[in-house]
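Structural characterization, general
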Amino acid sequence: MGAFHSGPHEQQFRQLADKTGFSLEQIETLHKRFKQLSQDEDTLQRENFDNVPNLDCNPIKTQIIEAFFDKRNFEKGGAGTVQEITFEQFLTVMGHFRPPELRMNDEQRDKVRKEKLRFLFNMYDTDNDGTITLEEYKHVVEELLSRSGTLEKKTASAIADAAMLEVASITMGHMEPDEFYEGITFDHFIKILNGLEIETRMNIHFLYVDTTTLCK
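Just so you know, these numbers come straight off a predicted model, no measurement behind them. (Residues numbered from 1 in each chain as written. Predicted model: local features only at pLDDT ≥ 70, side-chain atom pairs only at ≥ 80, totals over all residues. Heavy atoms only, no water.)

**Focus on unusual backbone geometry**
- At Q39, a position not held by glycine, the phi torsion is positive, near 60°.
- Tracing the sequence through the fold places Q39 in the loop between α2 (24-37) and β1 (44-45). (Helix = DSSP H or I, 4+ residues; strand = E, 2+ residues; numbered from the N terminus.)

**Section: the confidence of the model for the chain**
- Residues of the chain with pLDDT of at least 70 account for 68%, and the chain-wide mean is 76.
- The element-level mean pLDDT for the chain is lowest in strand β6 (residues 209-210), coming to 48, with strand β2 (residues 84-85) highest at 97.
- The low-confidence segment residues 175-180 (pLDDT under 50) makes 3 contacts with residues lying over four places distant or belonging to another chain.
- Below pLDDT 50 for its whole length, residues 210-216 participates in 27 contacts with residues either more than four positions away or in separate chains. (pLDDT = per-residue confidence, 0-100. Contact = heavy atoms within 4.5 Å.)

**Some details on the nonpolar core**
- Ranked by internal contacts, the top residues of the largest apolar core, which has 43 residues, are F68, F87 and F189.
- For this core, the element with the highest residue contribution is helix α6 (residues 106-124), accounting for 6 residues.
- Filtering out sequence-adjacent residues up to four positions away, F87 remains in contact with Q12, F13, L16, I27, L30, H31, F34 and D42. (Core = buried A, V, L, I, M, F, W, Y, C linked by side-chain atoms within 4.5 Å. Buried < 20%, exposed > 50% of the residue type's maximum accessible area, 1.4 Å probe, protein only.)

**Considerations on the packing of aromatic side chains**
- Counted under the stated rule, the structure contains 10 aromatic pairs.
- Seen in terms of ring centroids, F13 and F87 are 6.1 Å apart; in terms of plane orientation they differ by 50°. Their pairing is tilted. Of the two residues, F13 is situated in helix α1 (residues 10-20) and F87 in helix α5 (residues 87-96); the sequence distance between them amounts to 74 residues.
- Ring geometry for F68 and F90: centres 5.5 Å apart, planes at 20°, overall stacked. With F68 in helix α4 (residues 61-68) and F90 in helix α5, this pair connects stretches of sequence that are 22 residues apart. (Phe/Tyr/Trp six-rings, centres within 6.5 Å; stacked < 30°, edge-to-face > 60°.)

**Details of the packing of α2 against α5**
- Where α2 meets α5, the closest approach of the two axes is 11 Å, and the angle between their N-to-C directions is 115°. In this structure, α2 crosses over α5, and the sense of that crossing is right-handed. For the pair α2 and α5, the contacting residues are I27, L30, H31 and F34 in the first and F87, F90, L91 and M94 in the second.
- Considered class by class, the residues forming the contact of α2 with α5 number 7 nonpolar, 1 polar and no charged. (Axes fitted to C-alpha atoms, helices over the stretch in contact; angles between N-to-C directions. Left-handed = near helix turned anticlockwise from the far one by under 90°. Nonpolar A, V, L, I, M, F, W, Y, C, P; charged D, E, K, R; others polar.)

**Focus: the pattern of salt bridges**
- Summed over the entire model, instances satisfying the criterion amount to 7 salt bridges.
- A salt bridge links R14 to E10, with the shortest nitrogen-to-oxygen separation between them at 3.0 Å. Here R14 pairs with E10, and both are found in helix α1, just 4 residues apart, close to one helical turn.
- Judged by relative accessible area, R14 falls into the partly exposed class, the value being 39%. (Salt bridge = Lys/Arg side-chain N within 4 Å of Asp/Glu carboxyl O.)

**Re α2**
- Between its terminal C-alpha atoms α2 stretches 20 Å, which fits the 20 Å expected from 14 residues at 1.5 Å a residue.
- For α2, a buried count of 10 out of 14 residues is recorded, marking the element as mostly surrounded by other parts of the structure.
- Regarding α2, the residues found buried are L24, Q26, I27, E28, L30, H31, R33, F34, K35 and L37.
- One or two steps after α2, the chain reaches Q39, where phi turns positive at roughly 60°. (Expected span 1.5 Å × (residues − 1).)

Right, here's the structure in full:
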């Protein structure tokens, strides 16, 4: 990606590198994209994402954009959303789409996987009530499968339909007529996706940044 060029942001970038795991060169590239996207402002707003072609054709564009403004994704114990984000917040959210490093032990890999699953869960748990619906879960599976590059959209959709029925039987079991189905919890979500490798599939392409390359 080229050598890092020191400048007025050098100290900030080095701090962000230590905090996020991105290299200085990656942070420099993402900062340029941030400035292009924000039209050289210090913060990004939702409308700044409207004219990004590669994001515009993404079937979960809305969820991706909202993820950047969801406090849960860049603030410990955060709740609700913000109207604009700083570069550090932008970088923190981008980190969730970054593939895990190759040199990780099992404990580190499990931690990264759980963080990514939580981020993905949050994208669909829009009201922050701790559950997602079966239909929302179907969209998660369909998106992950179809964007892996190995399955056609139609096939991924069929698998997602089957997965949704399987989840219904697992999470609901035998329900009495007066019982109310509350939805899929995060614990259920982890168990359900146990056999699906999501670490390398959670990536986005926009503003000429391929997040699959953003690992050391």
